[in-house]
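Summary of the model geometry
What follows is each chain in one-letter form.
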Amino acid sequence: MGGWRKGRGHGMKMAKRSVLVFAAFTPFLAATAFSGATPAAENQIVFYGQKSRAQRFRHDGPAAPEGPAGSFGTRALPGQEAMTGYDSLTNGYLKQGPAYDTINEDNLRPLRSYNEGRFVFEEVESVEKGLGPTYNAQSCSACHQSVATGGASQVAEHRTGRVVDGQFFESLGGSLIQSRATHPEIVERVSPEDDVRTFRMSTNALGDGYVECIADSTLTAIQMNQPTEVRGSTASVPVLEGDGTPRFGRFGWKDQHASLVSFAGDAYLNEMGITNPLFPDENTSSGLFVGFGTIYDPTPEPEDEGTDITAFGNFLRSTKAPSRGSITDDAIAGEALFDQVGCAVCHVASIRTAAAGTKINGNSFTVPHALGSMTIHPYSDFLLHDIGTGDGIPILPQPEYATTAPQIRTAPLWGLRTRNRLMHDGLSFTRQEAIARHAGQASGAVAAYSALTSDQQTQVIAFLDSL
Ligand code: HEC
Ligand code: HEC
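Counting its secondary structure elements, the chain contains 11 helices and 20 strands. The 467 residues of the chain split such that 51% are buried. Contacts in the chain between residues far apart in sequence, at least 24 positions, make up 73% of those at least 6 positions apart.

An order of β3-β15-β18-β4 is seen for the four strands of this open sheet, with the pairing classed as mixed. The sheet is open, and its two edges are formed by β3 (72–73) and β4 (80–81), each paired on a single side. With two bridges joining them, β4 and strand β18 (residues 374–376) adopt parallel strand pairing. For Q80, the partnering residue across the bridge sits in β18 and is M374.

Okay, the site of ligand 1 next. Among the 28 residues in the neighbourhood of ligand 1, the closest are listed as N136, C140, C143, G252 and A267. Those elements giving two or more residues to the shell around ligand 1 turn out to be β10 (196–201), α5 (260–272) and α6 (307–317). Of all the elements, α5 adds the most residues to the shell around ligand 1, at seven residues. Broken down by class, the residue content of the shell around ligand 1 amounts to 17 nonpolar, six polar and five charged.

Moving on, we get to unusual backbone geometry. A cis geometry characterises the amide bond from G132 onward to P133, with omega recorded as 5°. Within the secondary structure layout, P133 lies in the loop between α2 (114–122) and β5 (134–135). With phi around 50°, S373 is a residue other than glycine that occupies positive phi space. Looking at the secondary structure, you find S373 in the loop between β17 (365–366) and β18. Positive phi, close to 70°, is recorded for M423, a residue that is not glycine. Summarising the element assignment, M423 is placed in the loop between β20 (408–409) and α9 (431–437).

Among the six residues in strand β11 (residues 234–239), six count as buried, and that is most of the element. Between β11 and strand β12 (residues 245–248), which follow one another and run antiparallel, lie five residues, and D243 among them has a positive phi close to 60°.

Now for the nonpolar core. In terms of nonpolar packing, the biggest core is built from 88 residues, with Y210, A264 and F312 touching the most fellow members. Ranked by residue count, the leading element in this core is α5, at eight residues. Contacts of Y210, omitting those with residues within four sequence positions, involve A82, A321, T353, L371, M374 and I376.

For α6, the tally of buried residues reaches 10 of 11 residues, placing the bulk of the element in the interior. Of all the residues in α6, the buried ones are D308, I309, T310, A311, F312, G313, N314, F315, L316 and R317. Packing partners of the buried residues in α6 comprise α2, α3 (208–212) and α5.

Tracing the chain through its elements places T198 in strand β10. Between the C-alpha atoms of T198 and R159, which are 39 residues apart in sequence, the distance is 5.5 Å. When neighbours within four sequence positions are excluded, T198 is seen to be in contact with H158, R159, D391, I393 and D425.

So, about the site of ligand 2. Near ligand 2 you find 31 residues, and of these C343, C346, T389, L422 and H424 are the closest. Listed by contribution, the elements that provide at least two residues to the shell around ligand 2 are α8 (343–346), α9, α10 (443–450) and α11 (454–465). Taken together, the residues that form the shell around ligand 2 break down as 21 nonpolar, eight polar and two charged.

Another point: the environment of G273. Note on placement: G273 falls in the loop between α5 and β13 (284–285). With 28 C-beta atoms counted inside 10 Å, the residue G273 sits in the buried group. Residues G273 and Q178, 95 residues apart in the sequence, show an inter-C-alpha distance of 9.3 Å. If we skip the residues at most four places from it in the chain, G273 touches G130, L131, G132, P133, T134, Y135 and N283.

So, on to the packing of helix α7 (residues 329–340) against α11. At a minimum axis separation of 7 Å, α7 and α11 run at an interaxial angle of 105°. Relative to α11, the element α7 is oriented roughly perpendicular. Counting all contacts with α7, which are made through D330, A331, A333, G334, E335, L337 and F338, the residues of α11 involved are Q456, Q459, V460, I461, A462 and F463. Residue composition of the contact of α7 with α11, grouped by class: eight nonpolar, three polar and two charged.

Rules and cut-offs
Residues numbered from 1 in each chain as written. Chains lettered and ligands numbered in written order. Predicted model: local features only at pLDDT ≥ 70, side-chain atom pairs only at ≥ 80, totals over all residues. Helix = DSSP H or I, 4+ residues; strand = E, 2+ residues; numbered from the N terminus. Buried ≥ 20, exposed ≤ 12 C-beta atoms within 10 Å, placed from the backbone. Contact = placed C-beta atoms within 7 Å. Pairing = 2+ DSSP bridges. Near = placed C-beta within 6 Å. Nonpolar A, V, L, I, M, F, W, Y, C, P; charged D, E, K, R; others polar. Core = buried A, V, L, I, M, F, W, Y, C linked by C-beta atoms within 7 Å. Axes fitted to C-alpha atoms, helices over the stretch in contact; angles between N-to-C directions. Parallel < 35°, antiparallel > 145°, perpendicular 65-115°, else oblique.

In structure tokens, the structure reads:
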């Protein structure tokens, strides 16, 4: 099987690591979850990934404590508001640094400032520096750029696989089909038998430093607050730079990663073909080895020693959250209706990050003052739900993960006004079409929305257009 060479953030595969998927907790478990205890082992689906290469990752054990649950809700929370804006200015985590247009490869110190991190994030890579042999684009900002570096874009990836005897198998070389290559004969092709297919849109990463600083306990509290028929699931995934310590995933359409540096390592390999300490093995071309030692790859691994992926993480941690558009009377009335019909159960309006000084990511990162105890308005619970739109591709191809095939992370609605291809596959052209596609766990909310008068529905759309 061609499996196990690609990561799961962008590539979806998770060699060498395990994932614990906590299905939606039963009400019985709610009390223990709130008190911070680890859920009983029999209520976890525990998967042990292929261990050959990375015994150094912890495969089980409790997540590191991350402090008490922060508050969340539909109204303004007490405390400081996170910084917002599309102005390419730091939120205060890294200093701004030298004027952006004075930075070049000779004076660059990637870990020093926001502007230098942005430079690396925008840097167009070459084959000599490790690009390819199979890849999707030449820079992070090729896909994360609108309306500021780190944002979303219309670029879609495609993923494929097949179901045999009820079990999902990824395409040879991984479910992510790299769309480009450095040589014509190694461009990946989709096999006709691989009829489980989807597009996945490039997500927004602006403000993700705040999201990273949400304590696991806060996500559990949000989950427990949801009525059982709407309750989301958490996926517990290893923080690669944190010795594999499990933490709740919150990034990507499937909550595949919990930390920005892990996601960046995954992206550097799977989007650009650049190996790094967290993802040291070159991608294949549909299962064929094309890495260093073949005519396709002149650069030994790792092609990044770790500086760049740390710079990507720190740059994203310094980005401001998406800002609101003008908040009209209709938008205010629309938000009240959004709340009333139940959209806000999943699209949670306000979440407070953990306090500065809290150790997260398996103790590999300490919440800084710029990101601690901040209120954000992501309009997401960062949990997985089945709303009938699932793309059929589970977090991992093992049968234990079959339940994640139909699930998608509640799309954060912040920055919605900057996007016009909606839902994970980008196939909804309007807000109305996106709402109409909600079924499954969102059936109640959509029925209540449909029962609104057309004036009221227009107000809900006005609210969405202000995000
Ligand atoms: C070819 C387009 C493309 C390139 C290049 C790319 N990304 Fe992404 N990015 C995506 C897509 C698509 C997703 C959603 C993937 C998924 O969930 O399956 C994503 C998701 C993310 C996320 C998660 C954001 C969230 O909150 O969901 C982060 C962080 C991220 N990318 C960082 C990076 C970094 C760092 C780089 C450069 C090393 C990079 N990306 C390069 C397309 C791209
Ligand atoms: C049960 C949880 C849940 C409820 C309730 C819910 N949503 Fe969603 N919403 C999701 C999920 C999950 C997605 C992503 C689905 C996908 O991409 O396939 C989503 C996506 C969206 C999107 C597209 C965002 C984007 O960036 O593409 C919009 C708009 C949206 N929801 C609005 C609403 C509105 C309005 C309501 C109330 C009528 C609502 N949602 C109720 C879970 C929910």
